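# Descriptive structure summary
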Amino acid sequence: MDRFWAMPSRYTFEIKPIRELLMQYMPRGLVIDPFANRSKIASVTNDLDTGCDTDYHLDATDFLAMFQDASVDMVLYDPPYSARQVSECYRKMGRTVNMQTTQNSYWRKHKEQIRRIVKPNGLVLSCGWNSGGIGKKYGFEPLHIRLVAHGGNHNDTIVVVERRMEN
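Residue numbers restart at each chain and count upward from 1, following the sequence in its written direction. Local features are withheld for residues below a pLDDT of 70 in this predicted model, meaning they are given only at 70 or higher, and side-chain atom pairs are given and counted only at 80 or more; totals for whole chains, interfaces and linings count all residues. Side-chain numbers here rest on the full set of heavy atoms in the structure, without hydrogens or water.

Bringing the pattern of salt bridges into the picture now. A side chain of one charge can pair with a side chain of the opposite charge when the charged atoms of the two come close. One side-chain nitrogen of Lys or Arg within 4 Å of one carboxyl oxygen of Asp or Glu is enough to make a salt bridge. With the rule as written, the count across this model stands at seven salt bridges. The shortest N-O distance in the salt bridge between K16 and E20 comes to 3.5 Å. Of this pair, K16 and E20 both sit in helix α1 (residues 16–25), four residues apart, which is roughly one turn of the helix. The exposure class of E20 is partly exposed, given its relative accessible area of 39%. Its salt-bridge partner being R108, residue E112 comes within 3.1 Å of it at the nearest N-O pair. Highlighted residues: E112 and R108, both in helix α5 (residues 105–117), separated by four residues, approximately one helical turn. Its relative accessible area of 33% is what places R108 among the partly exposed residues. Here a helix means four or more residues in a row that DSSP labels H or I, a strand means two or more in a row labelled E, and each is numbered from the N terminus. Only protein chains enter the area calculation, which uses a 1.4 Å probe; residues under 20% of their type maximum are buried, those over 50% are exposed, and those in between are partly exposed.

A few words on the packing of aromatic side chains. Here a ring pair, both rings aromatic, is described through the centre-centre distance and the interplanar angle of the planes. Centres within 6.5 Å are what make two rings of Phe, Tyr or Trp a pair, Trp counting through its six-membered ring; a difference in plane orientation under 30 degrees is then read as stacked, over 60 as edge-to-face, and the rest as tilted. If you walk through the whole model with that rule in mind, you get three aromatic pairs. Each ring, one from Y56 and one from F63, has its centre 5.9 Å from the other, and the planes form 55°; the classification is tilted. The class for Y56 is partly exposed, based on a relative accessible area of 34%. Taken together, a centroid distance of 5.2 Å and an interplanar angle of 80° make the contact between F63 and F67 edge-to-face.

Here we take up α5. Across its 13 residues, α5 extends 18 Å between first and last C-alpha, which sits within 8% of the 18 Å expected from 1.5 Å per residue. Looking at α5, one finds that the buried residues are S105, Y106, W107, H110, K111, Q113, I114 and I117. The span expected for a helix works out to 1.5 Å for each residue beyond the first.

Below, the structure written as structure tokens:
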């Protein structure tokens, strides 16, 4: 585990210590990003917002469901960090906000798909306000945790790099 300080940004992978960690673990092969926004780091990108220049504009669960079992080398997982953020995002896109989009099942569905599609020994880089990552329950072991403090009244960003354990 390590800790850095950096200015906050809505573009998570542009924050220097987060980008450096990502580059440290970046594999060769298929890297996907279900919440890419303007990031072009992944091989295949997605964002619900049609204003973003991404390969797909699907709900993240539908995007992840497109991939075959054990076919992905790395997932860049930077979802909305809270139910409020999910709600704001869905409303902005004219989507329905309900219990399925604001409860833990929202993130659980992603994790189930990520478990299915990531190759054994494949990686997930998760960002959020907690260090849960994808988790042992879904077959992942932590390799690196990076806390990025933003100062003042800003929440820290916690980045967890995990490896899919062998079956």
